[in-house]
Amino acid sequence: MATPVKVYGPPLSTAVSRVPPVSEKDVDFQLISINLAKGEHKKADFIKIQPFGQVPAFQDENISIFGTNPLAKASIDRWLEGEGQSFNPPSSALVFQLAFVPRMKLKQDEGLIKQSEAKLAKVLDVYEKRWARLGFLAGDEFSLADLSHLPNTQDLVNATDRGELFTSRENVGRWWG
């Protein structure tokens, strides 16, 4: 049995929460909690793993999670770029405004919420068309492209009242399900 990939970071971090679904690819991983507030990411042992002291960090013994097919990689990269440029900004703003601002007892920015919701709806309309043709963003298999969308989607569906942005669309809802 292969040694599990070690994933270092705070479990509630969006970036770290992208890792658990990788088990869909039959990759064993071990989450090692890093407390940023205590500066654990700046300690010598951690710096040996990630010289810049950033999370998440990974230790891997020659495990390939998503393969090396150049065309598949190009498709994954294209949709990762879409996530970073188009999906993440409005979805992150909504997660922060709808899930975290109330917990922090701050005033929600209604203008930003409406603007972010409209931007996210346009992105999800593109995804709706994509998922009508393919089961996943980069092709017929779950990949890093899909994985990167899960944390904010999960937060919006499960921790806010905006889940219908995803579940009301036939193909987006099927992908989420």
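Now for a description of the structure that goes with this document. Residue positions are counted from 1 within each chain, in the order its sequence is given. pLDDT decides what is reported in this predicted model: residues at 70 or higher carry local features, side-chain atom pairs at 80 or more are listed and counted, and totals for whole chains, interfaces and linings draw on all residues regardless. Computation of side-chain values covers all heavy atoms of the structure but excludes hydrogens and water.

Turning our attention to the overall build of the protein. Secondary structure assignment for the protein yields 7 helices and 3 strands. Strands are runs of DSSP state E lasting at least 2 residues, helices are runs of H or I lasting at least 4, and numbering of each runs from the N terminus. Listing the helices and strands of the protein from first to last along the sequence gives β-β-α-β-α-α-α-α-α-α. Buried, partly exposed and exposed residues are distinguished by accessible area as a fraction of the type maximum, computed with a 1.4 Å probe on protein chains only: under 20%, between the cut-offs, and over 50%, respectively. By residue count, 37% of the 177 residues in the protein fall in the buried class. Of all intrachain contacts in the protein linking residues separated by at least 6 positions in sequence, the fraction that spans at least 24 positions is 62%. Surface exposure here means Shrake-Rupley accessible area, sampled with a 1.4 Å probe, where a residue is shielded only by the protein chains that are shown. When the accessible surface of the protein is totalled, it reaches about 10,400 Å², and 54% of it is carbon and sulfur. Pairs of residues are marked as contacts when any of their non-hydrogen atoms sit within 4.5 Å.

At a closest axis distance of 9 Å, the pairing of helix α2 (residues 70-100) and helix α3 (residues 110-133) adopts a crossing angle of 150°. For the element pair α2 / α3, the angle class is roughly antiparallel. For the element pair α2 and α3, the recorded crossing hand is left-handed. Only C-alpha atoms enter the line fits that serve as axes; for helices the fit covers just the stretch in contact. Angles between N-to-C directions range over 0 to 180 degrees. Roughly parallel here means an angle under 35 degrees, roughly antiparallel means over 145, roughly perpendicular means 65 to 115, and every remaining angle is called oblique. Crossings are sorted by hand: turned counterclockwise from the far helix by less than a right angle, the near helix makes the crossing left-handed, and turned clockwise it makes it right-handed.

Attention shifts here to the packing of α2 against helix α5 (residues 150-159). Axis separation between α2 and α5 bottoms out at 9 Å; the angle between their running directions is 35°. By crossing handedness, the relation of α2 to α5 is classed as left-handed. Along the contact surface, α2 presents Phe87, Asn88, Ser91, Ser92, Leu94, Val95 and Ala99, while α5 presents Asn152, Thr153, Asp155, Leu156 and Ala159. Classifying every residue of the contact of α2 with α5 gives 6 nonpolar, 5 polar and 1 charged. Residue classes follow a fixed rule: Ala, Val, Leu, Ile, Met, Phe, Trp, Tyr, Cys and Pro count as nonpolar, while Asp, Glu, Lys and Arg count as charged, and any other residue, Gly among them, counts as polar.

What follows is about the packing of aromatic side chains. To describe a pair of aromatic rings, one takes the distance between the centres and the angle between the planes. Any two of the Phe, Tyr and Trp rings considered here, Trp counted by its six-membered ring, make a pair once their centres fall within 6.5 Å; the pair's planes then place it as stacked at under 30 degrees, edge-to-face at over 60, or tilted in between. Counted by the stated rule, this structure contains 8 aromatic pairs. Here Phe87 and Tyr127 contribute two aromatic rings whose centre-to-centre distance is 6.1 Å and whose plane-to-plane angle is 20°, an arrangement assigned as stacked. Remark: Tyr127 occurs in helix α3 and Phe87 occurs in helix α2; sequence separation between them is 40 residues. For the pair Phe87 and Tyr127, one class covers both residues: buried. An aromatic cluster is defined as three or more aromatic residues linked by ring pairs; in this entry it consists of Trp79, Phe87, Tyr127, Trp131, Phe166, Trp175 and Trp176. Taking NZ or CZ as reference, Arg103 lies 5.1 Å from the ring centre of Phe100, over its face. Consider the ring centre and the ring normal. A charge sits over the ring if Lys NZ or Arg CZ is within 6 Å of that centre and within 35 degrees of that normal.

Now for a nonpolar patch on the surface. A cluster of nonpolar side chains, namely Phe96, Phe100, Met104 and Leu106, defines an oily patch on the protein surface of about 370 Å² accessible area. Its location among the elements puts Met104 in the loop between α2 and α3. Note that patches include only residues with greater than 30% relative accessible area and no salt bridge, and the join distances are 9 Å for like charges and 5 Å for nonpolar side chains (Val, Leu, Ile, Met, Phe, Trp, Tyr). Salt bridges are defined as contacts in which a side-chain nitrogen from Lys or Arg sits within 4 Å of a carboxyl oxygen from Asp or Glu.

In this section: the environment of Leu150. In this structure, Leu150 sits in helix α5. Remark: the alpha-carbon pair of Leu150 and Trp176, spanning 26 residues in sequence, is separated by 8.4 Å.

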